[in-house]
Amino acid sequence: MSRNKKRKGKKTNILLGFICIILVGVLGTILVMSYNTEQEETKRLTELAGNQQSGIEDYEAVKEHAAQLEKASSEDENTEDADNSETKKSKKKEDTAGEEDAEETAQAEDTAEAEAPRTISGIVCWGDDLINGEESNTYSYMAVLQKLLTDNGYNLTVINKTLQGGGTLSMMKMAGVSDETLQGYIAKHQQTANGAQLNVTETGIRDLTDEQTTRNDMDCVPVIFMGYYGGWNHDPAELAEQQEQILNTFQNQDQFIVVGTRPMDGSVTSEVLDQVLSEKWGEHYISLANVTQQLSATYEAQQAMAEAVFQKLQELGYISQS
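Residues numbered from 1 in each chain as written. Predicted model: local features only at pLDDT ≥ 70, side-chain atom pairs only at ≥ 80, totals over all residues. Heavy atoms only, no water.

1. Concerning the sheet that holds strand 2 (residues 157-163)
Overall, parallel pairing links the five strands, which are arranged 2-1-3-4-5 in an open sheet. At either margin of the open sheet sits one strand with a lone partner, and together these are strand 2 and strand 5 (285-287). Sheet twist, expressed as the mean angle between neighbouring strand axes with direction ignored, is 20°. Two strands pair when backbone bridges link them, and strand 1 (residues 122-128) and strand 3 (residues 220-225) are joined in this way by six bridges, in the parallel orientation. Paired with Gly122 across the bridge in strand 3 is Cys220. Here helix 3 (residues 141-151) sits on the sheet in contact with strand 1, strand 2 and strand 3, set at roughly 175° to strand 2. The strands touched by helix 11 (residues 299-315) within the sheet are strand 1, strand 3, strand 4 (257-260) and strand 5, with strand 4 carrying the most contacts at an inclination of about 150°. (Pairing = 2+ DSSP bridges. Helix = DSSP H or I, 4+ residues; strand = E, 2+ residues; numbered from the N terminus. Axes fitted to C-alpha atoms, helices over the stretch in contact; angles between N-to-C directions. Contact = heavy atoms within 4.5 Å.)

Right, here's the structure in full:
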């Protein structure tokens, strides 16, 4: 009995030892497998880390390369912008220079044109002819002026656009001033008269021939001498306005001469007339009262008037010998 117990106990011990050996083997196998797995995982992680590092390095390289490209592109753009800016500046300078040259040329042309004497075809006398009949062809200021020009070497013709015994309304009509303007003056004169009798020249307008109304004097220097027979409402300011109406029918309104004399009826003195007209016309004005003490309708006064007009033409630089 005791022997059986000992055998049984020995077998149990052997079995337990065998089980222990198996467990040790299993454990060892597990440990080895775990180690291998860990090594493989470590290797994998190392490779992954290497790949990541390589990717990062590649990314950084790409990023750096992109930055370099962007910088180069920016420099190119800046260079191009600078070139464009310089080109624009250069073009602007050229345009400005061109404009300045054109402006200087235009100014030079204007100056040259202003300094160059205007070519005129003659002198035209507008207004009153105070020498009646055939004697006008010899003694009127127009005839004397023509002789003065010819005798002094001026190859200019004096055109006669005057009326004998005519009022200023008829003279404006002959110059081509509108009927509406003329009727406006007539209405004003009638209103001022307030029913009183008016001189015929204050409201009447002559019937004129085609020859009288034809303009062949547009390139001439006008000499305007009008008002002796009335038609301006005894108002020197209106007379100046009517003179301007005739002057405005000319192409060149810078060259002209105006001569003033008191009216035949004496309704306005020479002093009053000259004050208004000299203020209006300045250096272009000649006062006949300052030129001669003779009555304006005399031969002597007409001679003095012609000489004064001739001198004024020279003084203002309107005429030149050729």
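The discussion continues.
2. Observations concerning the packing of helix 4 (residues 168-175) against helix 8 (residues 236-247)
Helix 8 packs onto helix 4 with a crossing angle of 20° between their chain directions and a minimal axis gap of 9 Å. With respect to helix 8, the axis of helix 4 lies roughly parallel. For the element pair helix 4 and helix 8, the recorded crossing hand is left-handed. Counted together, Thr168, Leu169, Met171, Met172 and Ala175 of helix 4 and Leu239, Gln242, Gln245 and Ile246 of helix 8 form the full contact between these two elements. (Parallel < 35°, antiparallel > 145°, perpendicular 65-115°, else oblique. Left-handed = near helix turned anticlockwise from the far one by under 90°.)

3. Re the pairing of strand 4
A two-sided burial pattern is seen for strand 4, the buried positions comprising Ile257 and Val259 on one face and Val258 and Gly260 on the other. As paired strands, strand 3 and strand 4 are joined by three bridges and run parallel to one another. Paired with Phe225 across the bridge in strand 4 is Val259. With helix 8 bridging strand 3 and the parallel strand 4, this β-α-β connection has right-handed handedness. By the bridge criterion, three bridges tie strand 4 to strand 5 in an arrangement that is parallel. When the sheet's bridge partners are listed, Val258 is paired in strand 5 with Tyr285. Since strand 4 and strand 5 lie parallel, the crossover through helix 9 (residues 270-281) that links them has a hand, and here it is right-handed. (Buried < 20%, exposed > 50% of the residue type's maximum accessible area, 1.4 Å probe, protein only. Right-handed = clockwise from strand over helix to strand, strands pointing away.)

4. Overview of the nonpolar core
Formed by 31 residues in total, the largest nonpolar core has its most connected members in Ile123, Leu145, Leu149, Ile257, Val259, Leu313 and Ile319. Mapped by element, the contributors of at least two residues to this core are strand 1, helix 3, strand 3, strand 4 and helix 11. When neighbours within four sequence positions are excluded, Leu145 is seen to be in contact with Ile123, Cys125, Val158, Ala306, Val309, Phe310 and Leu313. Residues Val177, Leu182, Phe250 and Val268 belong to the second largest nonpolar core, which totals 30 residues. (Core = buried A, V, L, I, M, F, W, Y, C linked by side-chain atoms within 4.5 Å.)

5. Some points on a nonpolar patch on the surface
Residues Leu15, Leu16, Ile19 and Leu23 make up a contiguous nonpolar surface patch of roughly 370 Å² in combined accessible area. Looking at the element boundaries, Ile19 is found in helix 1 (residues 2-115). (Patch = residues over 30% accessible without salt bridge, like charges linked within 9 Å, V, L, I, M, F, W, Y side chains within 5 Å. Areas by Shrake-Rupley, 256 points an atom, 1.4 Å probe, with all protein chains shown as cover. Salt bridge = Lys/Arg side-chain N within 4 Å of Asp/Glu carboxyl O.)

6. Brief notes about the pattern of salt bridges
Following the criterion strictly, the structure yields five salt bridges and no others. Lys147 is paired through a salt bridge with Asp151; the nearest N and O atoms lie 2.8 Å apart. Of this pair, Lys147 and Asp151 both sit in helix 3, separated by four residues, roughly a single helical turn. Overall, Lys147 belongs to the exposed group, its relative accessible area being 53%.

7. Quick look at the packing of helix 8 against helix 9
It is at 9 Å that the axes of helix 8 and helix 9 come closest, and there the two elements cross at 40°. When the interaxial angle is binned, helix 8 and helix 9 end up oblique. In this structure, helix 8 meets helix 9 at a crossing whose hand is right-handed. Only Val272, Leu273, Val276, Leu277, Lys280 and Trp281 of helix 9 make contact with helix 8, whose side of the interface consists of Pro236, Ala237, Leu239, Ala240, Gln243, Glu244 and Leu247. Of the residues assigned to the contact of helix 8 with helix 9, the class counts are ten nonpolar, one polar and two charged. (Nonpolar A, V, L, I, M, F, W, Y, C, P; charged D, E, K, R; others polar.)

8. As for the pairing of strand 2
Taken across its seven residues, strand 2 has five buried, putting it largely inside the fold. Bridging between strand 1 and strand 2 involves seven bridges; their strand directions are parallel. For Val124, the partnering residue across the bridge sits in strand 2 and is Ile159.

9. Some points on helix 3
Along helix 3, the residues that are buried comprise Tyr141, Met142, Ala143, Val144, Leu145, Leu148 and Leu149. Positive backbone phi, approximately 85°, marks Gly153, located one or two places after helix 3.

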